[in-house]
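Geometric and topological summary
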Amino acid sequence: MSKEANVTQLLEQIESGDAAARDHLFSLVYDELRKIASNQMRHESPGITMQSTDLVHESWIKLLGNRRSLAWKNRGHFFAAASQAMRRILVDAARSRQRDKRGGNLQRHEIRDDDVAFKADEELIALHEALEMLQQVDPLKAQLVNLRYFGGFTTKQAAEQLNVSVATAERYWTFARAWLRAKMSASIKQD
């Protein structure tokens, strides 16, 4: 049985209440989740304290924590949801750091001119907000961005998950990047 079939089967077993299937699923997908987390951490600023392992575990809790019902159809759908959960965790962390830098924790902070983390957090939040807008306008293109940018999927892998041709995925990718850049630059200029 293929790894993809195993993951899909385990998701079905978890849905039917098999608690042991959760542990088995975690051991089966851990390395892939780690790759996705590493890919997402690559986009983070150098000063972030979260590690890839932390991101995997936090996303696992978000995905499977106390949920009794799962909404994933297959392996690809699960990994797309994991990528999105990781993105949301990183955005929440960025928002928290920004809030703290703006006096949210009521302590004085020295802000240096070369404070790269602040700009990276601002850009991550702008990307997240633009991606949320794209989700409303064109969910398929937003899902493609999640798979490619945050999940580390290749164009071919993302096309397979979305059931579109590679050429269509490439066109969507080109459009989505341009659309997101325009929305992000407008958002950052407003701040």
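Residues numbered from 1 in each chain as written. Predicted model: local features only at pLDDT ≥ 70, side-chain atom pairs only at ≥ 80, totals over all residues. Heavy atoms only, no water.

1. Details of helix 2 (residues 19-41)
Here is the rule: Two axes define the bend at a residue: one fitted to the seven residues ending there, one fitted to the seven starting there, and the bend is the angle between them. Under the scheme used here, helices are H or I runs from DSSP no shorter than 4 residues and strands are E runs no shorter than 2 residues, and both carry numbers assigned from the N terminus. Note on exposure labels: buried denotes an accessible area under 20% of the residue type's maximum, exposed denotes more than 50%, and partly exposed covers the range between, all computed with a 1.4 Å probe on protein chains only. Think of a polar contact as two N or O atoms within 3.5 Å of one another; within protein, one of them needs to be a possible hydrogen donor and the other a possible acceptor, and neighboring residues in sequence only count if both atoms come from side chains.
Of all bends in helix 2, the biggest is about 50°, found at V29. Turning to helix 2, its buried residues are A21, L25, L28, V29, Y30, E32, L33, I36, A37, N39, Q40 and M41. Two or three places before A20, at the start of helix 2, stands the capping residue D18, its side-chain oxygen 3.1 Å from that residue's backbone nitrogen.

2. A closer look at the packing of helix 2 against helix 6 (residues 139-150)
For any two helices packed against each other, one specifies the inter-axial angle together with the distance between the axes. Basically, it comes down to this: Think of each axis as a best-fit line through the C-alpha atoms, taken over the contacting stretch in the case of a helix, with angles from 0 to 180 degrees between the N-to-C directions. Just so you know how the angles are binned, under 35 degrees is roughly parallel, over 145 roughly antiparallel, 65 to 115 roughly perpendicular, and the rest oblique. The contact criterion used is simple: two residues touch if any of their non-hydrogen atoms lie within 4.5 Å.
Axis separation between helix 2 and helix 6 bottoms out at 9 Å; the angle between their running directions is 90°. With respect to their mutual orientation, helix 2 and helix 6 come out roughly perpendicular. Packed against helix 2, whose contacting residues are I36, N39 and Q40, the element helix 6 presents R148, Y149 and F150 at the interface.

3. Section: the nonpolar core
Short version of the rule: Residues belong to one nonpolar core when they are buried, are Ala, Val, Leu, Ile, Met, Phe, Trp, Tyr or Cys, and are joined through side-chain atoms within 4.5 Å.
Of all hydrophobic cores here, the largest spans 53 residues; its most connected members are L25, L33 and F78. Top contributing element to this core by residue count: helix 4 (residues 75-101), with 11 residues. The residues touching L25, leaving out its near neighbours within four places in the chain, are V7, L10, L11, I14, W60, L64 and F78.

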